[in-house]
Amino acid sequence: MKYKIIKDLRAFLEVLRVESELIEIDIPVDPYLEIAEIHRRVISQGGPALLFTNVQDSNFPVVTNLFGSSRRLELAFGNHPQKFVAELVKNMESLSPSWQKLWSMRGLIKQGLKIGTKTVNKAPILEGFQSPARLTELPLLTSWDTDGGPFVTLPLVYTEHPDGRGHNLGMYRIQRYDDTTTGIHWQIHKGGGYHYHEAEKRNESLPMTLFIGGPPALMMAAIAPLPENIPELMLASLLMGDKLPLINDPKGGHPLVATAEFAIKGKVPPHMRRPEGPFGDHYGYNSLTHEYPVFQVDHLYHRRDAIYPATVVGRPRQEDFFIGDFLQDLLSPLFPLVMNGVRQLKTFGETGFHCLAAARVADRYPREAFAAGLRILGEGQLSLTKFLIITDGDLDVTDFKKLWVHVLERVNWQSDLFIFANVSQDTLDYTGPSVNKGSKAMLMGLGKNPKRVLPESFNGELPAGCSHPAVFLPGTLVVQGEIYEHNKDLPKRLAEVAGLEAWPVILLVDNTRAATVNLQEFLWTFFTRFEPAADIHAAGVEVRRFHVGMKAPVVFDCRMKPWYPHVLEVDDATRRKVDEKFHKIWPTNWSAK
């Protein structure tokens, strides 16, 4: 299908209908737990977008799973954004002023002239108005029975720097408290949070606009991990292939996205906090309750017959997995420009993205690869990466199995594992000693020639408390251990057992079978359940020149710890409720194109 500009949510839904990528569900459904469970079942089967037209206690229909497949992302954006970025990078790398060069760039310049915003005099967002707002009329989803309330899960939060230094459009979850107040989950390293911090230092409220819906490009731009000074509205325009229409708010303040479904205007007062959460997040665990700022709503606009878009997050893979991969493909050509020496970069959605990244880098002089790794760990949201794997050569780092084997064949445990303690950690990662605090690690496997042959079978002895050994990948032994509370020192004893020296890595887990059922479960169990400074052990540890060198085997303690939040599971009542009606919703003969 030839791509055409998709200017709003309705246009995208029409494309999905034509392409048989949308199912309309007219039986009554509840936004409390039920819609989320239907969504999870459909996405697990590679199913289409879902339009719920009969939503309990709301006049607004709900659409979910808009971007839960690579095909729907292609329908939303085509391939013109990738072509534009690739052409831009190509020309920046070989920029030399000449008429011939300018002429060769004419297509790029023509497309660039379409990027930006434009002000219009009439817009559908102004068709409905509420003052005071009635947020309880919106069908916000409660996705898990442990959630602290209903949340906006595709929020487009717009703020401007108090000094006029640009805007931010970010996706920060919103918990509804009542008709006119919500929580606003501004995490560390996020642009909207910076704006609020500056306003709070002046003892001023920060004006805020919450958009819901609009062009698919607007939603994608809000999610994208852009550098601080790159405006998200420009990315939205690039993705859409046209200028983004804005209209002035008759009440004043921020302009409104003309084609959004909802626009909720208000302010975030300084020094005001309320408990926000719990919330089942994209790591697959229940993020806990913490104090966050409060959004006080003044008025609300909405389109006539507005449609409420939502997503559901939880244990990977969910919809955000596909979104993350799309954005990486789009932005990856820019990495070598902003991070010298970085040839390829991948963050792994199977681990919630921040838990694991891998890079192929240049290593032209001794330890240049280390310098490239530090550039990655110092770049925007990539600085929240917990475990970074570095290699050189021509290996495709998106293939984890080949990457992991390649690195284990080459790693020198005396010099190639770096652990950085007492640093910031992603807000949603609870493996550290306290929220936002933890550690990170960089593992390097460099050079053309392997240093060792990796074992692929195990016939040895294990210490008491260990059982069910399994080899998932060459050189990686997965062992089931007693629960952490009963045997905290087990990983140290395991590392010191004679006969395990040939194994570069051993994972200590709660359940071997669950951790090795497939690559998805292996990555999720491995990288979401350990903190580098606390949970890496070795047969021998030696400090030389302030560097910690290790002796194999290196044991990662990936057992659940008492302070970890629980793994997300569907409650029995919701499971039974959806069981009773799922056959009416999901056509047994549906298949993706």
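Structure's up top.
As a starting point, this report considers the structure included with it.

So, about the overall build of the chain. Regarding its fold elements, the chain presents 18 helices and 29 strands. Each principal axis of the C-alpha atoms in the chain carries an extent, and together these give about 75 × 70 × 55 Å. Counting over 593 residues, the chain shows a buried share of 59%. Of the contacts formed within the chain by residues at least 6 apart in sequence, a portion of 74% connects residues at least 24 apart. Of the roughly 24900 Å² that the chain leaves accessible, carbon and sulfur atoms contribute 51%. If the 65 positive side-chain charges of the chain are averaged to one point and the 68 negative ones to another, these points end up 5 Å apart.

With that settled, consider the packing of helix α1 (residues 9–18) against helix α3 (residues 70–77). Helix packing for two helices is described by the angle between their axes and how far apart those axes are. Where α1 meets α3, the closest approach of the two axes is 10 Å, and the angle between their N-to-C directions is 125°. On the basis of the axis angle, α1 is oblique to α3. Crossing of α1 over α3 shows right-handed handedness. Touching Phe12, Val15 and Leu16 of α1 are Arg72, Leu75 and Ala76, all from α3. Class assignment for the residues of the contact of α1 with α3 results in five nonpolar, no polar and one charged.

Spatial strand order, β25-β26-β27-β29-β28: five strands in an open sheet with mixed pairing. A strand with exactly one partner marks an edge of an open sheet, and here the two such strands are β25 (466–473) and β28 (536–544). Averaged over all adjacent pairs, the angle separating strand axes in this sheet is 25°, with direction ignored. With four bridges joining them, strand β27 (residues 505–509) and strand β29 (residues 547–557) adopt parallel strand pairing. By the bridge assignment, isoleucine 506 is partnered in β29 with valine 555. Packed on one face of the sheet, helix α13 (residues 400–410) meets β25, β26 (476–481) and β27 and runs near 105° to β25.

Another point: helix α18 (residues 572–585). Between its terminal C-alpha atoms α18 stretches 20 Å, which fits the 20 Å expected from 14 residues at 1.5 Å a residue. Approximately 40° is the largest bend angle found in α18, and it occurs at aspartate 579. Residues of α18 that are buried: Thr574, Val578, Lys581, Phe582 and Ile585. On its buried face, α18 sits against β1 (22–25) and α2 (34–44).

Another point: empty space enclosed by the protein. A complete count under the given rule lists two cavities of 30 Å³ or more for this structure. Class assignment for the residues of the lining of the largest cavity results in six nonpolar, two polar and one charged. As a volume, the second largest cavity reaches approximately 60 Å³. In this structure, the second largest cavity is lined by Leu135, Leu138, Leu140, Val152, Ile174, Arg176, Thr182, Leu210, Ile264, Phe295 and Val297. Contributions of two or more residues to the lining of the second largest cavity are made by β9 (174–176) and β18 (290–302). In terms of residue class, the lining of the second largest cavity is made up of nine nonpolar, one polar and one charged.

A word on unusual backbone geometry. Residue serine 131 is joined to proline 132 through a cis peptide bond whose omega torsion reads 5°. Relative to the elements of secondary structure, proline 132 occurs in the loop between β5 (128–130) and β6 (151–152). Residue leucine 33 is not a glycine yet carries a positive backbone phi of 75°. Tracing the backbone through its elements, the reader meets leucine 33 in the loop between β1 and α2. Backbone geometry places phenylalanine 546, a non-glycine residue, at a positive phi of 65°.

Our focus in this paragraph is the sheet that holds strand β12 (residues 244–247). Strand order in the open sheet formed by three strands is β4-β12-β13, with mixed pairing between adjacent strands. The open sheet terminates on both sides in strands that have one partner only, identified here as β4 (117–119) and β13 (256–257). The sheet contact formed by β4 and β12 spans three bridges and is parallel. If you follow threonine 117 over to β12, its bridge partner there is leucine 244. Contacts from helix α9 (residues 232–240) reach β4 and β12, with the element oriented near 130° to β12.

In this section: the environment of asparagine 229. Topologically, asparagine 229 is positioned in the loop between α8 (216–223) and α9. As for asparagine 229 and glycine 47, which are separated by 182 residues in sequence, their C-alpha atoms are 37 Å apart.

We now examine the packing of α13 against helix α16 (residues 519–527). As a packed pair, α13 and α16 sit with axes 12 Å apart at the nearest point and diverge in direction by 55°. As the angle between them shows, α13 and α16 are arranged oblique. Residue-level inspection shows Phe400, Lys401 and Trp404 of α13 in contact with α16, the latter providing Leu519, Phe522, Leu523, Phe526 and Phe527. For the contact of α13 with α16, the class distribution of residues is seven nonpolar, no polar and one charged.

Overall, the coordinates contain 30 aromatic pairs when judged by the stated rule. When the centroid spacing of 5.9 Å and the interplanar angle of 85° are considered together, the rings of phenylalanine 348 and phenylalanine 400 count as edge-to-face. With a gap of 52 residues between them, phenylalanine 348 in strand β20 (residues 342–348) and phenylalanine 400 in helix α13 connect regions that are remote in the sequence. Plain terms: the ring middles of phenylalanine 472 and phenylalanine 522 are 4.4 Å apart, the flat faces sit at 15° to each other, and that makes the pair stacked. Of this pair, phenylalanine 472 sits in strand β25 while phenylalanine 522 is found in helix α16, placing the two residues 50 residues apart along the sequence. Given the relative accessible area of 1%, phenylalanine 522 is considered buried. Put simply, the rings of Phe348, Phe387, Phe400, Trp404, Phe472, Phe522, Phe526, Phe527, Phe530 and Phe556 touch in pairs and so form one group of aromatic residues. The aromatic ring of tryptophan 144 is capped on one face by arginine 40, whose charged end is 3.9 Å from the ring centroid.

This brings us to the pattern of salt bridges. On inspection of all chains with the given rule, the structure shows 35 salt bridges. When the shortest N-O distance is used, the salt bridge between glutamate 24 and arginine 17 registers 2.8 Å. The class for glutamate 24 is partly exposed, based on a relative accessible area of 45%. Taking the relative accessible area as the measure of exposure, arginine 17 reaches 35% and is therefore partly exposed. For lysine 265, the salt bridge is made with aspartate 249, and the minimal N-O distance between the two is 2.5 Å. Here the residue lysine 265 occupies a position in strand β14 (residues 262–268), and aspartate 249 occupies one in the loop between β12 and β13, the gap between them amounting to 16 residues. You can call lysine 265 buried: its relative accessible area is 5%.

As for its placement among the helices and strands, threonine 153 is situated in the loop between β6 and β7 (155–160). With a relative accessible area of 10%, threonine 153 lands in the buried category. At 2.8 Å, the side chain of threonine 153 forms a polar contact with the backbone oxygen of threonine 311. Every residue in contact with threonine 153, bar those within four places of it in the chain, is listed here: Met171, Phe279, Tyr308, Ala310 and Thr311.

Quick notes on the rules
- Residues numbered from 1 in each chain as written.
- Predicted model: local features only at pLDDT ≥ 70, side-chain atom pairs only at ≥ 80, totals over all residues.
- Heavy atoms only, no water.
- Helix = DSSP H or I, 4+ residues; strand = E, 2+ residues; numbered from the N terminus.
- Buried < 20%, exposed > 50% of the residue type's maximum accessible area, 1.4 Å probe, protein only.
- Contact = heavy atoms within 4.5 Å.
- Areas by Shrake-Rupley, 256 points an atom, 1.4 Å probe, with all protein chains shown as cover.
- Lys, Arg positive; Asp, Glu negative; His and termini not counted.
- Charge placed at Lys NZ, Arg CZ, Asp CG, Glu CD.
- Axes fitted to C-alpha atoms, helices over the stretch in contact; angles between N-to-C directions.
- Parallel < 35°, antiparallel > 145°, perpendicular 65-115°, else oblique.
- Left-handed = near helix turned anticlockwise from the far one by under 90°.
- Nonpolar A, V, L, I, M, F, W, Y, C, P; charged D, E, K, R; others polar.
- Pairing = 2+ DSSP bridges.
- Expected span 1.5 Å × (residues − 1).
- Bend = angle between axes of the 7 residues up to and from the residue.
- 1 Å grid on protein atoms, 1.4 Å probe; cavity = no way out; pocket = protein on both sides within 12 Å on 5 of 7 lines; lining within 4 Å.
- Points joined across faces, edges and corners; volume = space filled by probe spheres on them.
- Phe/Tyr/Trp six-rings, centres within 6.5 Å; stacked < 30°, edge-to-face > 60°.
- Lys NZ or Arg CZ within 6 Å of the ring centre and 35° of its normal.
- Salt bridge = Lys/Arg side-chain N within 4 Å of Asp/Glu carboxyl O.
- Polar contact = N/O pair within 3.5 Å; in protein donor to acceptor, adjacent residues only side chain to side chain.

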